[in-house]
Structures are given as C-alpha cells and as structure tokens.
Amino acid sequence: FNEHKTVESVVNRIKAGETVALISDAGTPGISDPGFLVVRECVRNGIEVQCLPGATAFVPALVASGLPNEKFCFEGFLPQKKGRQTRLKALAEERRTMVFYESPHRLLKTLTQFAEYFGAERQATVSREISKLHEETVRGSLTELIEHFTVTEPRGEIVIVLAGIDD
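The structure contained in this document is the topic of the report that follows. Numbers given for residues are sequential positions, taken from 1 along each chain in its written order. Local features are withheld for residues below a pLDDT of 70 in this predicted model, meaning they are given only at 70 or higher, and side-chain atom pairs are given and counted only at 80 or more; totals for whole chains, interfaces and linings count all residues. In computing side-chain properties, one takes all heavy atoms of the structure into account and sets aside hydrogens as well as water.

## What to know about the sheet that holds strand S1 (residues 72-76)
- Within the open sheet, the five strands sit side by side as S1-S2-S5-S3-S4. Their pairing is mixed. The open sheet has two edge strands, S1 and strand S4 (136-141), and neither has a second partner. Averaged over all adjacent pairs, the angle separating strand axes in this sheet is 20 degrees, with direction ignored.
- Strand pairing is assigned whenever DSSP identifies at least 2 bridges connecting the two strands. For helices the rule is a DSSP run of H or I covering at least 4 residues; for strands it is a run of E covering at least 2, with both sets numbered from the N terminus onward. Of the strand pairs in this sheet, S1 and strand S2 (residues 97-102) are connected by four bridges, and their pairing is parallel. Here an angle of 0 to 180 degrees is reported between the N-to-C directions of two axes, which are lines fitted to C-alpha atoms, with helices fitted over the stretch in contact.

## Remarks on the pattern of salt bridges
- A pairing counts as a salt bridge when a side-chain nitrogen of Lys or Arg comes within 4 Å of a carboxyl oxygen of Asp or Glu. All chains considered together, the criterion is met by nine salt bridges.
- With its nearest N and O atoms 3.0 Å apart, the salt bridge here joins arginine 13 to glutamate 18.
- Burial classes: relative accessible area under 20% of the type maximum marks a residue as buried, over 50% as exposed, and values in between as partly exposed (1.4 Å probe, protein chains only). A relative accessible area of 38% means that glutamate 18 is categorised as partly exposed.
- Taking the shortest distance from any N to any O, the salt bridge between glutamate 102 and arginine 106 comes out at 2.9 Å.
- Residues participating in the shared-partner salt-bridge network are Arg84, Glu102 and Arg106.

## Here we look at the packing of helix H5 (residues 107-118) against helix H6 (residues 142-151)
- Following both chains from N to C, one finds H5 and H6 inclined at 160 degrees, their axes separated by 9 Å at the closest point. The pairing of H5 with H6 is recorded here as roughly antiparallel in orientation. Crossing hand, H5 versus H6: left-handed. Contacts between H5 and H6 pair Leu107, Leu108, Leu111, Thr112, Phe114 and Ala115 from the former with Leu142, Leu145, Ile146, Phe149 and Thr150 from the latter.
- Residue polarity follows a fixed list, in which Ala, Val, Leu, Ile, Met, Phe, Trp, Tyr, Cys and Pro are nonpolar, Asp, Glu, Lys and Arg are charged, and the others, Gly among them, are polar. Within the contact of H5 with H6, the residues separate by chemical class into nine nonpolar, two polar and no charged. For classification purposes, an angle smaller than 35 degrees is called roughly parallel, one larger than 145 roughly antiparallel, one from 65 to 115 roughly perpendicular, and anything else oblique. By the definition used in this description, the sense in which the near helix is turned from the far one sets the handedness, with an anticlockwise turn below a right angle giving left-handed and a clockwise turn giving right-handed. Whether two residues touch is decided by their heavy atoms; if any such pair falls within 4.5 Å, the residues are in contact.

## Notes on the packing of helix H4 (residues 84-91) against H5
- Two elements in contact, H4 and H5, have axes whose closest approach is 10 Å; the angle formed by their N-to-C orientations is 50 degrees. Relative to H5, the element H4 lies oblique. The interaxial crossing formed by H4 with H5 has right-handed handedness. Where H4 abuts H5, its residues Arg84, Gln85, Leu88, Lys89 and Leu91 lie against Lys109, Thr110, Gln113, Phe114, Tyr117 and Phe118.
- Of the residues belonging to the contact of H4 with H5, the class tally is five nonpolar, three polar and three charged.

## Quick notes on the nonpolar core
- By convention a nonpolar core is built from buried Ala, Val, Leu, Ile, Met, Phe, Trp, Tyr and Cys residues, the set being connected through side-chain atoms within 4.5 Å. Counting residues in hydrophobic clusters, the biggest one holds 22 residues, and the most contacted among them are Phe100, Leu111, Phe114, Phe118, Val126, Ile160 and Leu162.
- Here this core takes six residues from H5, the largest share from any one element.

## Quick look at helix H1 (residues 3-15)
- Between its terminal C-alpha atoms H1 stretches 18 Å, which fits the 18 Å expected from 13 residues at 1.5 Å a residue.
- For H1, the full list of buried residues reads Val7, Val10, Val11 and Ile14. Buried residues in H1, looked at end-on, bunch into an arc of 95 degrees, giving them a common side. In H1, the exposed positions that point more than 90 degrees away from the buried face belong to Lys5 and Glu8.
- With its phi angle positive at about 105 degrees, glycine 17 sits one or two positions after the end of H1. Multiplying 1.5 Å by the residue count of a helix minus one yields the expected span of that helix. Within this analysis, the arc is defined by the directions that extend from the helix axis to the C-beta atoms.

## Some thoughts on unusual backbone geometry
- Its identity is not glycine, yet glutamate 129 carries a phi of approximately 55 degrees, on the positive side.
- For glutamate 129, the position within the fold is in the loop between strand S3 (123-128) and S4.

## Structural notes on helix H3 (residues 58-65)
- The complete set of buried residues in H3 reads Phe58, Ala61, Leu62 and Ser65. Within H3, the buried residues cover an arc of 100 degrees as seen down the axis, which keeps them to one side.
- As for H3, its buried residues are in contact with S1, S2, S3, S4 and strand S5 (158-162).
- Glycine 66 sits one or two positions beyond H3 and adopts a positive phi of about 80 degrees.

Without other data, these values stay purely geometric and don't point to any function.
Here is the structure:
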C-alpha cells in the first residue's frame, strides 16, 4: 500500500544479492497494479526481470465478450477525477474494442458515463470474478447493463469490454 516508498528498498535488496518474487492477489503483477513500479525501477537499474505467465482478467473477459478482439485497446482503470472526461472524450471515436477495469462501487457511474459519451446502445459486457466460483459475464447495450446492475448489486473484480465505434 506504500508502493512508492518501498520500491527503492526492494531494488536495494536485489542489488545486495537477494532474490525477489513479485506476487499479486489480483491477477498479473504490473497490469493495472503497482507492481509496475518495481519492474520499471529494476529495468532502470539493469536488474533482469523474468515474468511467468499467469492470470490476467482482461484476456478471458475480452474473449468471452463476443466483441471483435483482433484489435483492442486496454485502458485499465480510468482516472477517478482529473482527466476522466478528457479520456472519455478521446475514446469516443475509438474503433477498437476497449477494455477497462472497474470497482463494483463505481460500476454504475462508469456505465452511465459510457452511455453519455459513447451512446446508450453501444454494446458491452461486464465480466466479474474471472476464474473464480461466482464468475459471470453480462452482455448487452449500455442501457441494458445499467438496468441489470441497478437491480443486481455488482460485486467482485470487474472487467468492462466496450465495442468500438462502428464504421
């Protein structure tokens, strides 16, 4: 939780000869994860970084969405305040399928903003709890998803897959 303060300490321990493994409880370290900071600092310091393939929530969510996936853009978490509207405006003309991470308590707000910026009929999916017991993917227009999650409280780790603009 104090990632910026601990990065230098971790790098110094590696330089001193320790072997370090970066493990995340939320998928692949470094993908929308503060583990990126450790990897970046190791690379800057000439420390070899090896990555083992592992769980990444956005790949199965993208595949299960049924939306075009030959080209896509991964947006991760949108900015919470500053820069959010600017980012949404910039994505309004995106042709590729877009992939976002979101927390359950912000899901409805995000879907509502998507409907505002991208159009209420834009197709999307919301996948949650990928590879876990309560895995679920809900598909439909943004309007349909908003209706669903207004009635059904969203829970768990969430991936939103949003269709790009039609030609």
